[in-house]
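Results of the structural survey
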Amino acid sequence: GDGDYYYYSSGDGADHSSFFEELFGRARAQQGARAQQQRQSFRMRGEDSHARVTISLRDVFTGATRNLTLRVPEETADGQMVMREKTLAVKIPQGVGEGQVIRLKGQGGPGLGGAEAGDLYLEVAYAQDPVYRVMGRDLAIDLPVTPWEAALGATVRAPTPSGAVMLKVPPGSTQGRQLRVKGKG
């Protein structure tokens, strides 16, 4: 009934503390299991990451695959976050523009609780080129010609990323004059 009390007794006068340790130990284990279930049931998509990749004009003109090594956080089995190195083979599309962003789905920060990883966004920068200057989508070079070629006109060899072309210099050309070669930038 309501007035019944139960006592634990080992029968041999042993210390009652083992009963309480077992009782509270079981309660702590249950709390730990609930906390782990809550951590596992908490899911959150990983954060997006941003980086910058510098590529040569040759890579822009032909397209390329570049290996990038990044330090990324990773969740261990016990829920701790550690940093590790990860190498990605990144395809650089032909004609990619400076400042353009390449999105790599699922290569960002890891998700929590088994959720999907975020994305990695790579901003494209051009490496300085020894021959060409970049002017938007166009390329420019300084083409040396002799004074008599400029005065009389001539056809000279001019380098382009896809190979040399023969360029006609009109008679009476002066220093600083711009000549256009269409479709070779």
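Residues numbered from 1 in each chain as written. Predicted model: local features only at pLDDT ≥ 70, side-chain atom pairs only at ≥ 80, totals over all residues. Heavy atoms only, no water.

A separate point is the overall build of the protein chain. Within the protein chain one finds 3 helices and 9 strands. With 185 residues in all, the protein chain has 22% of them scored as buried. Expressed as a percentage of contacts within the protein chain between residues at least 6 apart in sequence, the contacts between residues at least 24 apart total 47%. Accessible area of the protein chain: about 13700 Å², with a carbon and sulfur share of 50%. (Helix = DSSP H or I, 4+ residues; strand = E, 2+ residues; numbered from the N terminus. Buried < 20%, exposed > 50% of the residue type's maximum accessible area, 1.4 Å probe, protein only. Contact = heavy atoms within 4.5 Å. Areas by Shrake-Rupley, 256 points an atom, 1.4 Å probe, with all protein chains shown as cover.)

The next point concerns the pairing of strand E8 (residues 154–158). Of the two faces of E8, the one lined by Ala-154, Val-156 and Ala-158 is fully buried and the one lined by Thr-155 and Arg-157 carries no buried residue. Taken together, the 5 bridges between E8 and strand E9 (residues 165–169) define a ladder with antiparallel strand orientation. Within E9, the position partnered with Ala-158 by the bridge is Val-165. Taking the residues that link successive antiparallel strands as the turn, the E8-E9 hairpin has 6 residues, and the phi of Gly-163 there is positive, at about 125 degrees. (Pairing = 2+ DSSP bridges.)

The next subject is the environment of Val-82. Locating Val-82 in the fold gives a position in strand E3 (residues 81–92). Separated by 11 residues in sequence, Val-82 and Arg-71 place their C-alpha atoms 9.9 Å apart. Excluding residues that lie within four positions of it along the chain, Val-82 makes contacts with Val-72, Pro-73, Glu-74 and Thr-76.

Further remarks concern the confidence of the model for the protein chain. Considering every residue of the protein chain, the mean pLDDT works out to 79; 77% of them sit at 70 or more. Here residues 2–11 is a poorly scored stretch, pLDDT under 50, and it has 3 contacts once near neighbours within four places are set aside; other chains count. (pLDDT = per-residue confidence, 0-100.)

Attention now moves to the pattern of salt bridges. Per the stated rule, a full pass over the model turns up 6 salt bridges. Among the salt bridges present, the one from Arg-103 reaches Asp-119, with a minimum N-O distance of 2.9 Å. Within this pair, whereas Arg-103 is found in strand E4 (residues 101–104), its partner Asp-119 is found in the loop between E4 and strand E5 (120–126), the two being separated by 16 residues in sequence. Overall, the relative accessible area of 48% leaves Arg-103 in the partly exposed class. Taken together, the shared-partner salt bridges in this structure form one network comprising Arg-45, Asp-48, Arg-103, Glu-116 and Asp-119. (Salt bridge = Lys/Arg side-chain N within 4 Å of Asp/Glu carboxyl O.)

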